[in-house]
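Structural overview for review
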Amino acid sequence: MSGERGGADARLLRRATAVIAAQTALAVAVVVAAVAALVLFLTMREQQVDAERIVRTAAHSAQDVNDAPPQAVLIIRDQDGRTQYSSGTRPGLRSVDVGALPAGAGEVSTPPDGHHDDTTTYQVYVVDQPGRRVVAALDGRYRHYETERLLTSLLLAGLVGIVAAAGVGWLTGRRAVRPLSEALGAQRRFVADASHELRTPLTILHTRAQLAARRPGLDERTRQELQQLVSDSRVLSEIVSDLLLSAQAQHRPDTREPVDLTLLARDVAASFEASAQQAGVTITVLVPDQPCVIDGVGAALRRAVNALIDNALAHTAPGGTVTIRVAHGTGVSLSVADDGEGFDPAEVPRLTERFARGSGTVDQGRRFGLGLALVREVVQAHGGVLTLDGRVGAGATATITLPARR
């Protein structure tokens with residue numbers, strides 16, 4: 001990517017690619033987990049069935065204790081109470097009361113002995129035959145070992161599959177998102193170039209409208225129409241400036257410079273002093289003694305703060321107060337608070353959308369300056385966050401939090 005696109009577009013591409021890779025890996029992880037659980041369940045069930053078949057067959061077909069199949073043992077007790085054991089029968093199993101075992105399939109757990117430090121579980125099958133009782137027992141540790149090996153293999157295969165899926169997702173995401181990044185870059189360049197080219201003719205139009213409105217000898221209706229033209233051309237110029245500053249903040253991060261939010265807050269508050277007096281609203285500025293410096297586009301940040309103060313004044317009744325506060329914290333924050341009509345907290349997500357207004361807002365022309373949507377874009381382009389807080393009838397607070405200059 002070129003230098004101009006290496007900022008916002010590159011970050012957008014990386015974030016989108018990371019999201020695609022994460023979602024791909026998560027999807028594969030869910031599938032692998034489901035398949036592994038199914039395989040494990042079916043395997044354990046099959047092992048249980050096999051174990052029962054082995055001990056049942058051994059118990060029914062045993063002639064003596066030497067007929068035990070591999071990994072299993074036979075215990076035969078005759079009617080006189082004599083008990084015989086297959087070779088390799090563990091001491092714990094020898095201590096089991098064979099006569100107390102119920103006939104048929106079951107399980108027997110033996111306590112630790114000299115050979116094992118933990119409890120051993122056997123799958124058993126008991127058959128009562130004429131003159132004797134036959135017990136076939138299969139050590140459950142073998143099944144446990146097999147299950148552990150299977151589980152380990154499934155985990156390793158799953159991890160490899162998830163990592164591979166994340167890699168494939170990353171590569172696929174880069175290929176899929178790159179056209180979007182290029183389209184966004186072209187859109188930002190168009191907005192910046194078009195806004196820049198429109199500023200000069202709009203400035204000329206605004207100046208000519210002012211000169212025409214000052215001509216002597218105009219009738220009142222013509223003068224009013226020209227004054228409205230002056231107002232409309234000024235609004236149009238401000239909109240173009242807003243678009244240019246928003247595009248500049250996102251599209252050209254190389255234009256950033258040290259900006260002291262303390263000085264910025266004081267300057268903007270001073271520029272609104274006359275408007276505030278006319279509206280009967282008091283503007284209070286609370287700033288620390290030391291500078292609060294960030295890296296940013298000063299003009300864009302000034303317009304953003306202008307928009308917040310303009311919005312606060314528009315929603316504050318005569319006699320109210322607008323407070324501008326700058327503070328240090330995890331970053332540098334600049335908040336604009338008013339004691340006006342406020343808003344429903346449930347509307348916060350919608351208020352930062354383009355062309356959005358509060359549900360109780362009465363149309364009074366261009367009240368929002370940049371508009372909260374463009375304020376948010378400028379703040380996000382500077383790596384910051386815009387937060388809104390308020391209640392109906394209890395005022396509102398808009399806070400811009402930006403990373404401090406290193």
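Not measured: the values here are computed from a predicted model.

**With respect to helix 7 (residues 298-314)**
In this model, helix 7 (17 residues) spans 24 Å end to end at C-alpha, consistent with the 24 Å of a helix rising 1.5 Å per residue. Along helix 7, 12 of the 17 residues are buried, which leaves the element largely enclosed by surrounding structure. Taken together, the buried positions of helix 7 are occupied by Gly298, Ala300, Leu301, Ala304, Val305, Asn306, Ala307, Leu308, Ile309, Asn311, Ala312 and Leu313.

**Some details on the pairing of strand 11 (residues 385-390)**
Residues Leu386, Leu388 and Gly390 of strand 11 are buried on one face, while the alternating residues Val385, Thr387 and Asp389, pointing to the opposite face, are not. Where strand 11 meets strand 12 (residues 396-402), 6 bridges bridge the pair, whose relative direction is antiparallel. Of the residues in strand 12, the one forming a bridge with leucine 386 is isoleucine 400. As consecutive antiparallel partners, strand 11 and strand 12 are separated by 5 residues, and within that stretch glycine 393 has a phi angle of approximately 80 degrees, a positive value.

**Section: the sheet that holds strand 5 (residues 132-139)**
Spatially, the 5 strands line up as an open sheet ordered 2-1-5-4-3, and their pairing is antiparallel. Each edge of the sheet is formed by a strand with only one pairing partner; in this case those strands are strand 2 (83-85) and strand 3 (104-110). Between one strand and the next, the sheet's axes are offset by a mean angle of 25 degrees, whatever the strand orientation. For strand 1 (residues 72-78) and strand 2, the ladder comprises 3 bridges, and the chain directions are antiparallel. Bridging across to strand 2, isoleucine 76 finds its partner in glutamine 84.

**Regarding the nonpolar core**
If you look at the biggest cluster of nonpolar residues, it comprises 40 residues, and the most contacted ones within it are Leu261, Ile283, Ile309, Leu313, Leu334 and Val375. Broken down by secondary-structure element, the contributors of at least two residues to this core are helix 5 (261-271), helix 7, strand 9 (321-328), strand 10 (332-338), helix 9 (372-381), strand 11 and strand 12. The greatest single-element share of this core, amounting to 9 residues, is contributed by helix 7. By size, the runner-up hydrophobic cluster in this structure holds 14 residues, among which are Val65, Ala72, Leu74 and Ala136.

Thresholds applied
- Residues numbered from 1 in each chain as written.
- Predicted model: local features only at pLDDT ≥ 70, side-chain atom pairs only at ≥ 80, totals over all residues.
- Heavy atoms only, no water.
- Helix = DSSP H or I, 4+ residues; strand = E, 2+ residues; numbered from the N terminus.
- Expected span 1.5 Å × (residues − 1).
- Buried < 20%, exposed > 50% of the residue type's maximum accessible area, 1.4 Å probe, protein only.
- Pairing = 2+ DSSP bridges.
- Axes fitted to C-alpha atoms, helices over the stretch in contact; angles between N-to-C directions.
- Core = buried A, V, L, I, M, F, W, Y, C linked by side-chain atoms within 4.5 Å.

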